[in-house]
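Residue strings, one per chain:
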Amino acid sequence: MVHRSTLHRDWEGDGMLEQFDFIFYKGETPIARIIQRLTNSQYSHVAMVIDPLHLIQLDWKTPVSIQHLAYPISQYDVYRLKVALTEKEKAKVIFFIREWISTGYDWKLIISRFFNILLATPIVSSADRYNCDELIVDAFRHVGINLIEYDIQLTPDALSKSKLLYNVNENEKRLLVRKKK
């Protein structure tokens, strides 16, 4: 069940999520905590908004799919692109992601990331599978937008630090500080 409070926030305009907003999840499950600890991050997952009520996402138990936003509002931050996409770019990003609907999770990548952290072994991925951050990055690279440099180890946290994204929640806090002055 989607709770009304998870769909709205009091930021910029009407508070609705916008297409291509990124939902960075601060999970509290055992797997989320392992990811956060291994990556030294507050985020364990990322999904992308395709319309104000739906996300494109995948995780270890669910293939690439369109789902309702159902995360508790306290467990995620919203990031937004600093660059405007053309209608053609928007269509290409959505088309790219839809081509991967029902694709399973890339366990090979996750396991190799784990061993890279522990033993500095190479990171390898499957040609026909994705994980949450990799799908989003590749969708934007498909239209020539590089959200993260190739030499940076990709994690949800590394993606959240992209120079092409800003934290909508932090922007809201800055606006409130300005209004109080």
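Heads up: the structure comes first, above all this text.
What you see is a predicted model; the values in this text were computed from it and never measured.

Colleague: Mind showing me how you'd approach the packing of helix H3 (residues 87-99) against helix H5 (residues 132-141) here?
Modeller: Angle between the axes and distance between the axes: these two values describe a pair of packed helices. For the pair H3 and H5, interaxial distance at closest approach is 8 Å and the crossing angle is 135 degrees. On the basis of the axis angle, H3 is oblique to H5. Helix-helix and strand crossings are classified by hand; for H3 and H5 the assignment is right-handed. Residues Val93, Phe96 and Ile97 of H3 touch H5, and the partners they reach there are Leu135, Asp138, Ala139 and Phe140. Counted by class, the contact of H3 with H5 contains 6 nonpolar, no polar and 1 charged residues.

Colleague: Help me understand the nonpolar core in this model?
Modeller: Membership of the largest hydrophobic core comes to 35 residues, with the highest contact counts inside it found for Phe22, Met48, Phe140, Leu147 and Leu159. Considering each element in turn, this core owes the most residues, 6 residues, to H5. Look past the residues within four positions of Phe22 in its chain and what remains in contact with it is Val46, Ala47, Met48, Asp77, Val78, Tyr79, Leu81, Ile136, Phe140, Leu147 and Leu165. Counting 11 residues, the second-largest nonpolar core is a separate cluster that includes Leu17, Leu69, Tyr76 and Val78.

Colleague: In this structure, what is going on with the pattern of salt bridges? I would like to understand it.
Modeller: Where charged atoms of side chains with opposite charge meet at close range, the side chains can pair. Under the defined criterion, the tally for this structure stands at 7 salt bridges. Arg80 is paired through a salt bridge with Glu18; the nearest N and O atoms lie 3.5 Å apart. With Arg80 in strand E5 (residues 76-81) and Glu18 in the loop between helix H1 (4-7) and strand E1 (22-25), this residue pair connects regions lying 62 residues apart in the sequence. Between Lys163 and Glu149 there is a salt bridge whose closest N-O contact spans 3.4 Å. Of this pair, Lys163 sits in the loop between helix H6 (156-160) and strand E6 (165-167) while Glu149 sits in the loop between H5 and H6, and the two are 14 residues apart along the sequence. Looking at Lys163, the relative accessible area reads 60%, which means it is exposed. Linked by salt bridges that have partners in common, Glu18, Asp21 and Arg80 make up one network.

About the criteria used
- By convention here, each chain's residues receive numbers from 1 onward along its written sequence.
- Reporting of local features is limited, given that this is a predicted model, to residues whose pLDDT is at least 70; pairs of side-chain atoms are given and counted only at 80 or more, and all residues count toward the totals for whole chains, interfaces and linings.
- Hydrogens and water molecules were not included; the side-chain quantities draw on all heavy atoms of the structure.
- Axis definition: a line fit to C-alpha positions, over the contact stretch in the case of helices; interaxial angles, taken between N-to-C directions, run 0 to 180 degrees.
- Numbering of helices and strands runs from the N terminus, with a helix taken as a DSSP run of H or I at least four residues long and a strand as a DSSP run of E at least two residues long.
- Angles below 35 degrees are treated as roughly parallel, those above 145 as roughly antiparallel, those between 65 and 115 as roughly perpendicular, and all remaining angles as oblique.
- Handedness of a helix crossing follows the sense of rotation of the near helix relative to the far helix, less than a right angle counterclockwise being left-handed and clockwise being right-handed.
- It only takes one pair of heavy atoms within 4.5 Å for two residues to be counted as in contact.
- Amino acids are sorted into nonpolar (Ala, Val, Leu, Ile, Met, Phe, Trp, Tyr, Cys and Pro), charged (Asp, Glu, Lys and Arg) and polar (every other residue, Gly among them).
- In plain words, nonpolar cores are sets of buried Ala, Val, Leu, Ile, Met, Phe, Trp, Tyr and Cys residues tied together by side-chain atoms within 4.5 Å.
- Three exposure classes are used, based on accessible area relative to the maximum for each residue type with a 1.4 Å probe and protein chains only: buried under 20%, partly exposed in between, and exposed over 50%.
- Counted as salt bridges are all cases of a side-chain nitrogen of Lys or Arg within 4 Å of a carboxyl oxygen of Asp or Glu.

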